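Now for the letters of each chain:
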Amino acid sequence: MVRLVGMPAGKVVASAFALSGLLAGVAAIVWTAQRGSVDPLMGFFPALKAFIATVLGGLGSLSGAVLGGFVVGVIEVFSQAFLPGGWRLTAT
């Protein structure tokens, strides 16, 4: 589709890859600043939540993945608010 409008596809792919890497780096800096420490498994639970949200919403649908993220977030917040202490999802 990019080639049909006259844009070089290689540059579009490279810029999208660079932008995603930049955003991931910014997220890592913010996450590390919030935690105050670095360990090998620090990104496991956010990645697991993102994977679950994507699978719930559909792997080929961006809006479905966003909706899946909201569903996972609502479940997590309500479980922390209403479940007893031993049953809460406090993995982060």
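Position numbers for residues count from 1 along each chain, tracking the sequence in the order it is written. In view of the model being predicted, local features appear only for residues whose pLDDT reaches at least 70, and side-chain atom pairs are presented and counted only at 80 or more, with totals across whole chains, interfaces and linings using the full set of residues. Hydrogens are left out, water is left out, and the side-chain values use all remaining heavy atoms of the structure.

Caption draft 1: Here's a closer look at the packing of helix α2 (residues 44–57) against helix α3 (residues 62–82). Interhelical geometry of α2 versus α3 gives an angle of 125° and a closest axis separation of 7 Å. By the criterion of interaxial angle, the relationship of α2 to α3 is oblique. Crossing hand, α2 versus α3: right-handed. Judged by residue contacts, K49, I52, A53, T54, L56 and G57 of α2 engage G64, A65, G68, G69, V71, V72 and E76 from α3. By the convention adopted, Pro, Cys, Tyr, Trp, Phe, Met, Ile, Leu, Val and Ala count as nonpolar, Lys, Arg, Asp and Glu as charged, and the other residues, Gly among them, as polar. Here the contact of α2 with α3 is built from residues that sort into six nonpolar, five polar and two charged. Note on geometry: axes are lines fitted to C-alpha atoms, helical ones only across the stretch in contact, with angles between N-to-C directions running from 0 to 180 degrees. Numbered from the N terminus, helices here are DSSP runs of H or I no shorter than four residues, and strands are runs of E no shorter than two. Throughout, the term roughly parallel applies to angles under 35 degrees, roughly antiparallel to angles over 145, roughly perpendicular to angles from 65 to 115, and oblique to all others. Left-handed is the label given to a crossing in which the near helix is rotated counterclockwise from the far helix by less than a right angle, and right-handed is the label when the rotation is clockwise. Note on definitions: a residue-residue contact is assigned when non-hydrogen atoms from the two residues lie within 4.5 Å.

Caption draft 2: Here's a closer look at α3. In this model, α3 (21 residues) spans 30 Å end to end at C-alpha, consistent with the 30 Å of a helix rising 1.5 Å per residue. If you follow the buried residues of α3, they end up packed against α2. Multiply 1.5 Å by the residue count of a helix minus one, and that product is the helix's expected span.

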